[in-house]
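Here's the letter readout for the chains.
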Amino acid sequence: MSTLDPSFSQHLQEDELTPDQYGDFISSLPTTGFLSQYRGFWFPTKFMQGVLSLRKHFQAHDTDILMMTPPKVGTTWLKAILFAILNRKHHLDLQKHPLLTNNPHILVPYLDLHLYNKKEVPDLTTYPSPRLFSAHLPYTLLPTSVKNSKCKIVYLYRNPKDTFVSLWHFLEKIGMTTDSFEETFDKFCQGVSNFGPYWDHVLSYWNESLEKSQRILCLRYEELKEQPTTHLKRIAEFLGCPFSSEEETKGMINDISRLCSFDYLSKLEVNKSGTTHNMKNESLFRRGEVGDWVNYLTPQMSEKLDNIFKEKFHGTGLKF
Ligand SMILES: Nc1ncnc2c1ncn2[C@@H]1O[C@H](COP(=O)(O)OS(=O)(=O)O)[C@@H](OP(=O)(O)O)[C@H]1O
């Protein structure tokens, strides 16, 4: 039974919704395929409840570290890196490291896709400080408590062509699209993709980071891939736990880089045969390379994306 009068829903602020009204509110949103449009972005409908609850209830701590990404830009990789950097003093023996037996998405949970999607108000008191969480929400839609706190945000983005190709394979694999490759591409170009428009997602963090460089660190998949150790050092400094010269001498940065690499993580049994929240872990590891898009996009498709992103990022300083 509907608990929300449709004429009322247009005026209702989401913050005022009670949990039994979420379903009706979500049904009132514009949809296409598996996605619903909310405040200018396209969210997988099955995660909308998590998005609304997170925005309404999450209280950031100044010591929190939030890892934010659009999907398919290397989230799994960065989760492994941040976890390994922050917890390195507890896991000096790499042969017993939690990453060997846990997928990174278990060690660094999603606020929107998992914690707040499962429960209106999850119990976060068991997470030790500094709490490390992740989410796919764009900056503009983060809860006010995050924007007003001193918590640190690490953001990762990736060449849109590789991001799109990775997204396509992932959606196909997990059965979250009925569209063809070409249809999915056209929608991506129109801004209709998971947590898209992709350019608005990237710009939401990029623009904010220009003013708040002490609070928001933006990283690019390609630069992380090219010089992992340089960027691991940069991340540790940003998080306020720089590697000591002793740690450097002992080779700890290289060790973490190797531990989190595609080759290493993708060959672990937990990532070959395990599942996380009903999803096969192997679906998170495909090629892990820069430039794989050349094998999938036609020259016309490539040119179309070049033109879109040239226009969207013009004058922003963002490069791919
Ligand atoms: N360790 C490591 N190093 C480099 N690249 C890696 C790593 N782990 C995963 N990947 C590649 O990242 C792509 C998956 O993106 P996400 O992890 O963001 O996916 S998700 O949003 O969490 O579903 C996907 O990219 P593609 O291979 O291009 O599809 C993964 O293969």
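Here the structure is a predicted model, which means the values were calculated and not measured. (Residues numbered from 1 in each chain as written. Predicted model: local features only at pLDDT ≥ 70, side-chain atom pairs only at ≥ 80, totals over all residues. Heavy atoms only, no water.)

### Comments concerning the overall build of the chain
The number of helices and strands found in the chain is 17 helices and nine strands. Relative to the compact-globule value of 20 Å for 320 residues, the chain shows a C-alpha radius of gyration of 20 Å, a close match. Principal-axis analysis of the C-alpha atoms gives the chain an extent of 65 × 50 × 45 Å. Put simply, the chain has 320 residues, and 55% of those count as buried. Considering only residue pairs separated by 6 or more positions, the chain has 72% of its internal contacts joining residues 24 or more positions apart. Taken as a whole, the chain presents about 15,300 Å² of accessible surface, with 50% of it coming from carbon and sulfur. For the chain, the distance from the average site of its 36 positive side-chain charges to the average site of its 37 negative ones is 4 Å. (Helix = DSSP H or I, 4+ residues; strand = E, 2+ residues; numbered from the N terminus. Rg over C-alpha atoms; globule rule 2.2 N^0.38 Å. Buried < 20%, exposed > 50% of the residue type's maximum accessible area, 1.4 Å probe, protein only. Contact = heavy atoms within 4.5 Å. Areas by Shrake-Rupley, 256 points an atom, 1.4 Å probe, with all protein chains shown as cover. Lys, Arg positive; Asp, Glu negative; His and termini not counted. Charge placed at Lys NZ, Arg CZ, Asp CG, Glu CD.)

### Some points on the sheet that holds strand β3 (residues 41-44)
The three strands are arranged β1-β2-β3 in an open sheet whose pairing can be described as antiparallel. With partners counted over all chains shown, the strands left at the sheet margins are β1 (31-32) and β3, one partner each. In this structure, β1 lies alongside strand β2 (residues 35-38), joined through two bridges in antiparallel fashion. The partner of threonine 32 across the bridge, within β2, is leucine 35. On top of the sheet, helix α3 (residues 48-57) reaches β2 and β3; it is set at about 30 degrees to β2, its chief contact. (Pairing = 2+ DSSP bridges. Axes fitted to C-alpha atoms, helices over the stretch in contact; angles between N-to-C directions.)

### Focus on the pattern of salt bridges
Side-chain pairs of opposite charge can arise where the charged atoms are in close proximity. The final tally for this structure, using the stated rule, is 18 salt bridges. With its nearest N and O atoms 4.0 Å apart, the salt bridge here joins lysine 304 to aspartate 186. Placement of the pair is lysine 304 in helix α17 (residues 299-312) and aspartate 186 in helix α9 (residues 181-189), with a sequence separation of 118 residues. We classify lysine 304 as partly exposed; its relative accessible area is 39%. For aspartate 186, a relative accessible area of 34% translates into the label partly exposed. Among the ionic pairs, glutamate 223 bridges to arginine 234, the shortest N-O distance being 3.8 Å. Of the two residues, glutamate 223 is situated in helix α11 (residues 221-226) and arginine 234 in helix α12 (residues 228-238); the sequence distance between them amounts to 11 residues. Classification of glutamate 223 as partly exposed rests on a relative accessible area of 21%. Taken together, the shared-partner salt bridges connect Arg286, Arg287, Glu289 and Asp292 into one network. (Salt bridge = Lys/Arg side-chain N within 4 Å of Asp/Glu carboxyl O.)

### As for the site of the ligand
Taken together, 23 residues lie near the ligand, and Thr75, Thr76, Ser166, Arg287 and Gly288 sit nearest. Take valine 73: an N or O atom from its main chain is 3.1 Å from an oxygen atom of the ligand. Threonine 75 places a polar side-chain atom, nitrogen or oxygen, 2.6 Å from an oxygen atom of the ligand. When isolated, the ligand has an accessible area of 640 Å², and the protein chains bury 98% of it. In terms of residue class, the shell around the ligand is built from 10 nonpolar, eight polar and five charged. (Near = heavy atom within 4 Å. Polar contact = N/O pair within 3.5 Å; in protein donor to acceptor, adjacent residues only side chain to side chain. Nonpolar A, V, L, I, M, F, W, Y, C, P; charged D, E, K, R; others polar.)

### Regarding the environment of leucine 107
When you line up the elements, leucine 107 lands in helix α5 (residues 104-107). Judged by its relative accessible area of 19%, leucine 107 is buried. Along the sequence, leucine 107 and leucine 156 sit 49 residues apart, while their C-alpha atoms lie 18 Å from each other. Beyond its immediate stretch of four places on either side in the chain, leucine 107 contacts Phe83, Pro98, Leu99 and Asn102.

### Looking at the UniProt feature "domain: Sulfotransferase" (unreviewed entry) in the chain
In the numbering used here, UniProt assigns the feature "domain: Sulfotransferase" (unreviewed entry) to residues 62-317. Across residues 62-317 one finds 47% helix and 9% strand; the C-alpha atoms that close the span lie 29 Å apart. (UniProt positions renumbered as here; feature names shortened; annotations may be inferred.)

### What about empty space enclosed by the protein?
Under the counting rule described, the total for this entry stands at three cavities of 30 Å³ or more. Put simply, the largest cavity is a space of about 190 Å³. Lining the largest cavity are 15 residues, and of these Leu35, Leu171, Thr177, Asp179 and Lys187 sit closest to its centre. Listing elements by their share of the lining of the largest cavity, those giving two or more residues are α8 (160-174) and α9. Looking at the lining of the largest cavity, its residues break down into six nonpolar, seven polar and two charged. By residue class, the composition of the lining of the second largest cavity is six nonpolar, four polar and no charged. (1 Å grid on protein atoms, 1.4 Å probe; cavity = no way out; pocket = protein on both sides within 12 Å on 5 of 7 lines; lining within 4 Å. Points joined across faces, edges and corners; volume = space filled by probe spheres on them.)

### Some words on the nonpolar core
Formed by 102 residues in total, the largest nonpolar core has its most connected members in Phe58 and Leu78. The element best represented in this core is helix α4 (residues 75-86), accounting for eight residues. For phenylalanine 58, the contacting residues outside a window of four places in its chain are Ser53, Asp64, Leu66, Leu111, Tyr116, Leu124, Arg131, Phe133, Pro143, Ser145 and Val146. (Core = buried A, V, L, I, M, F, W, Y, C linked by side-chain atoms within 4.5 Å.)

### Regarding the side chain of threonine 276
Mapped onto the elements, threonine 276 comes out in strand β8 (residues 275-276). The buried category is assigned to threonine 276, whose relative accessible area is 4%. Within polar-contact distance, the side chain of threonine 276 engages the side chain of asparagine 281 at 2.5 Å. Excluding anything up to four places from it in sequence, threonine 276 contacts Asn103, His105, Ile106 and Asn281.

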